[in-house]
Amino acid sequence: IKDDTSPAIRLQDNNNVNSDFKIYSPDGENHLRIYHENTSSDLVTVTSAGVLGIGTAVPYSNGLLHCDGNIVLTSSSNAPKIIFDEFGTGTDPKA
């Protein structure tokens, strides 16, 4: 899809007026966004640097993930984990 300002793909449901989304790239920003048409809000933003923003249109550039809101972890074993591993293996939990 080619556009002079903000190319977009729109996803619209004829049966539910609250489920209209668009995936677009804002003019001049080099970002990819998922936007909820009915609430007029960006839900997810991916910058050209690979930074992922959830709940924000402007994710912080000093990390790879920026969540604006609560983060909820669940697990089928009732033991959700976040593992901080400085070596990139994902197997060395830090206390």
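Above this text is the structure in question.
Note that the structure is predicted; figures quoted are calculated from it, not measured.

**Student:** Kindly report on the overall build of the protein, identifying the contributing residues and their values.
**Tutor:** Tallying secondary structure elements over the protein gives zero helices and six strands in all. Ordered by position from N to C terminus, the α and β elements of the protein give β-β-β-β-β-β. Out of the 95 residues belonging to the protein, those deemed buried represent 19%. Partitioning the contacts of the protein with sequence separation of at least 6, the portion at a separation of at least 24 is 2%. Here the protein has roughly 7,400 Å² of accessible surface; of this, 51% comes from carbon and sulfur atoms.

**Student:** An account of a nonpolar patch on the surface is requested, with residue identities and associated values reported.
**Tutor:** Together, Ile-1, Ile-9 and Leu-11 line one region of the surface with nonpolar side chains, adding up to about 320 Å² of accessible area. Relative to the helices and strands, Leu-11 is located in strand 1 (residues 8-11).

**Student:** Describe the packing of aromatic side chains, with residues and values.
**Tutor:** Taken as a whole and assessed by the stated rule, the structure comprises one aromatic pair. An angle of 85° between the planes, with centres 5.9 Å apart, marks the rings of Tyr-24 and Tyr-35 as edge-to-face. With a gap of 11 residues between them, Tyr-24 in strand 2 (residues 21-24) and Tyr-35 in strand 3 (residues 32-36) connect regions that are remote in the sequence. Of the two residues, Tyr-24 and Tyr-35, neither departs from the other in class, the shared state being buried. The residue whose ring lies beneath Lys-22 is Tyr-24, and the NZ or CZ to ring-centre distance is 4.5 Å. Across from the ring centre of Tyr-35, 5.1 Å away, lies the NZ or CZ of Lys-22, which sits over that ring.

About the criteria used
Residues numbered from 1 in each chain as written. Predicted model: local features only at pLDDT ≥ 70, side-chain atom pairs only at ≥ 80, totals over all residues. Heavy atoms only, no water. Helix = DSSP H or I, 4+ residues; strand = E, 2+ residues; numbered from the N terminus. Buried < 20%, exposed > 50% of the residue type's maximum accessible area, 1.4 Å probe, protein only. Contact = heavy atoms within 4.5 Å. Areas by Shrake-Rupley, 256 points an atom, 1.4 Å probe, with all protein chains shown as cover. Patch = residues over 30% accessible without salt bridge, like charges linked within 9 Å, V, L, I, M, F, W, Y side chains within 5 Å. Salt bridge = Lys/Arg side-chain N within 4 Å of Asp/Glu carboxyl O. Phe/Tyr/Trp six-rings, centres within 6.5 Å; stacked < 30°, edge-to-face > 60°. Lys NZ or Arg CZ within 6 Å of the ring centre and 35° of its normal.

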